[in-house]
Amino acid sequence: MSGTVTPVLEGRVALVHGASSGIGAAAARVFARHGATVVLTARREDRLRALVEQLRATGADASHHVLDVRDGEAVRRVVERTVERHGRLDAAFNNAGVGLPRTPMHLIEDATYEHVVGTNVTGVWNCMRHELAAMVEGKGGAIVNTSSVGGLVASSTGAPYIASKHAVIGLTKAAAVEYASHGIRVNAIAPGLTRSEMIDAWFASSPEAEERAHRSAPQGRAADPEEVAETAAWLCSDLASFVTGATVPVDGGRTAW
Ligand SMILES: NC(=O)c1ccc[n+]([C@@H]2O[C@H](COP(=O)([O-])OP(=O)(O)OC[C@H]3O[C@@H](n4cnc5c(N)ncnc54)[C@H](O)[C@@H]3O)[C@@H](O)[C@H]2O)c1
């Protein structure tokens, strides 16, 4: 075969939230590799700055903003500045999220519930509202929200986390239906166990937890964050032009069992 293949996000402007580590940092690399201009957000400036420098060294157009997704006004300003600087917003990956240690429901503090739901649900709400406004103005776009296998099935991971990730799927479906006529697609991904600093630390302290976790997925391993990020990139691209309102498991078969 001859000729070159155009990267699937060539010329697109993409916001990636929760980009300082794990799946979000992988998405920053993957989206840039697929040709997107990436605007990265998270709370840790040193991490974002280092990632932006790495990406620029590869020739990518990358920048960052420090942002707490629980702060709706701050999210609005970041979306506005993105559109001012780049002319539009084509794609957004709403991936910032927090987990919580395994704790029986009756022992979880109200403050913990509020922290998890505030970040995972209100955070996605804040991001989507302002991104949708920019995409309506720009006459199209694609949004991907990070849910979890915990948004599809329950486990003993912690009820607020399970509830928050189910809510992400609800928000995704509602926005997909409401904004389809504006040329905007909205989907969710449901990652299974994915290598991240938190997961690596957990495995290091408990080798039996690692073995148990690997046994719970047909593929018998955790995902590399880039495997998850590739699915988000695909959903943001025109390759997924007829996919909206969907939740795509990226879980090595975990929820097929
Ligand atoms: N790692 C897994 O096994 C797994 C499985 C299913 C779903 N997820 C989901 O994937 C997403 C990414 O998680 P990860 O595993 O890469 O973990 P991670 O801790 O490495 O990344 C989380 C990111 O979100 C950011 N963040 C957290 N709270 C924030 C806030 N209030 N404002 C702005 N940024 C904030 C963090 O700074 C970080 O950049 C999360 O939504 C998580 O729930 C992870």
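Our structure is the block above this text.
It should be emphasised that the depicted structure is a prediction, and the values quoted were computed from it without experimental measurement. (Residues numbered from 1 in each chain as written. Predicted model: local features only at pLDDT ≥ 70, side-chain atom pairs only at ≥ 80, totals over all residues. Heavy atoms only, no water.)

Before going further, it helps to spend a moment on the overall build of the protein chain. Helices and strands together make up the secondary structure of the protein chain, namely 8 helices and 7 strands. What you see for the protein chain is a C-alpha radius of gyration of 18 Å, in line with the 18 Å of a compact globule of 257 residues. Dimensions of the protein chain, computed from C-alpha atoms along their principal axes, come out at roughly 50 × 45 × 40 Å. For the protein chain, the residues scored as buried account for 49% of the 257 residues in total. With the model as given, the accessible surface of the protein chain reaches about 12400 Å², and the carbon-plus-sulfur share is 53%. Here the protein chain holds 25 positive side-chain charges and 28 negative ones, and the gap between their average locations is 1 Å. (Helix = DSSP H or I, 4+ residues; strand = E, 2+ residues; numbered from the N terminus. Rg over C-alpha atoms; globule rule 2.2 N^0.38 Å. Buried < 20%, exposed > 50% of the residue type's maximum accessible area, 1.4 Å probe, protein only. Areas by Shrake-Rupley, 256 points an atom, 1.4 Å probe, with all protein chains shown as cover. Lys, Arg positive; Asp, Glu negative; His and termini not counted. Charge placed at Lys NZ, Arg CZ, Asp CG, Glu CD.)

Here we come to unusual backbone geometry. Glycine aside, residues mostly have negative phi, and peptide bonds are mostly found in the trans state. For lysine 139, which is not glycine, the phi dihedral falls at a positive 65°. Along the chain, lysine 139 turns up in the loop between α4 (110–138) and β5 (141–146). Residue lysine 139 is classed as exposed on the basis of its relative accessible area of 70%.

With that out of the way, let us pick up the packing of helix α3 (residues 72–86) against α4. In contact at an axis separation of 9 Å, α3 and α4 are set at 30° when each is read in the N-to-C sense. With respect to α4, the element α3 is oriented roughly parallel. Seen along the crossing, α3 lies across α4 with a hand that is right-handed. Two secondary-structure elements touch here, α3 through Gly72, Val75, Arg76, Val79 and Val83 and α4 through Asn126, Cys127, His130, Glu131 and Ala134. Taken together, the residues of the contact of α3 with α4 sort by class into 5 nonpolar, 3 polar and 2 charged. (Axes fitted to C-alpha atoms, helices over the stretch in contact; angles between N-to-C directions. Parallel < 35°, antiparallel > 145°, perpendicular 65-115°, else oblique. Left-handed = near helix turned anticlockwise from the far one by under 90°. Contact = heavy atoms within 4.5 Å. Nonpolar A, V, L, I, M, F, W, Y, C, P; charged D, E, K, R; others polar.)

On the secondary structure map, alanine 74 appears in helix α3. C-alpha of alanine 74 to C-alpha of alanine 50: the two residues are 24 residues apart in sequence and 22 Å apart in space.

Moving on, we get to the pattern of salt bridges. For the structure shown, the criterion picks out 14 salt bridges. For arginine 12, the salt bridge goes to aspartate 238, with nearest N and O atoms at 2.8 Å. Of the two residues, arginine 12 is situated in the segment before β1 (13–17) and aspartate 238 in the loop between α8 (225–236) and β7 (247–250); the sequence distance between them amounts to 226 residues. The partner of arginine 88 in a salt bridge is aspartate 90, with the nearest N and O atoms 3.1 Å apart. Overall, arginine 88 belongs to the partly exposed group, its relative accessible area being 35%. Residues participating in the shared-partner salt-bridge network are Arg29, Arg33, Glu226 and Glu230. (Salt bridge = Lys/Arg side-chain N within 4 Å of Asp/Glu carboxyl O.)

Turning our eyes to something else, we now look at a positive patch on the surface. Taken together, the side chains of Arg56, Arg77, Arg81 and Arg85 present a region of like positive charge at the surface. Among the elements that line the positive patch, the one with the most residues is α3, at 3 residues. Mapping arginine 77 onto the fold places it in helix α3. When its relative accessible area of 43% is taken as the criterion, arginine 77 is described as partly exposed. (Patch = residues over 30% accessible without salt bridge, like charges linked within 9 Å, V, L, I, M, F, W, Y side chains within 5 Å.)

Another point: the site of the ligand. Close contacts around the ligand come from 29 residues, with Ser20, Ser21, Ile23, Tyr161 and Thr194 the closest. With respect to the ligand, the side chain of arginine 43 contributes an N or O atom lying 3.3 Å from a nitrogen atom. Tyrosine 161 has a polar side-chain atom sitting 2.8 Å from an oxygen atom of the ligand. Taken by itself the ligand offers 820 Å² of open surface, and the protein chains cover 92% of this. (Near = heavy atom within 4 Å. Polar contact = N/O pair within 3.5 Å; in protein donor to acceptor, adjacent residues only side chain to side chain.)

Now for the sheet that holds strand β2 (residues 37–42). Taken together, 7 strands build an open sheet; the order of strands is β3-β2-β1-β4-β5-β6-β7 and the sheet is parallel. One side of each edge strand has no neighbouring strand; the edge strands of this open sheet are β3 (62–66) and β7. Across the sheet, the mean angle separating the axes of adjacent strands is 20° when strand polarity is ignored. As judged from the 4 bridges shared by strand β6 (residues 184–191) and β7, these two strands associate in the parallel manner. The residue of β7 that forms the bridge with isoleucine 189 is valine 248. Strand contacts of α3: β1, β2 and β3, with the helix running at about 155° to β1, the strand carrying the most contacts. (Pairing = 2+ DSSP bridges.)

Following the sequence through the fold, alanine 25 ends up in helix α1 (residues 22–33). For alanine 25, a relative accessible area of 9% translates into the label buried. Along the primary structure alanine 25 and proline 225 are separated by 200 residues, whereas in three dimensions their C-alpha atoms are 8.4 Å apart. Those residues in contact with alanine 25, other than ones at most four positions away along the chain, are Gly18, Ala19, Ser20 and Leu51.

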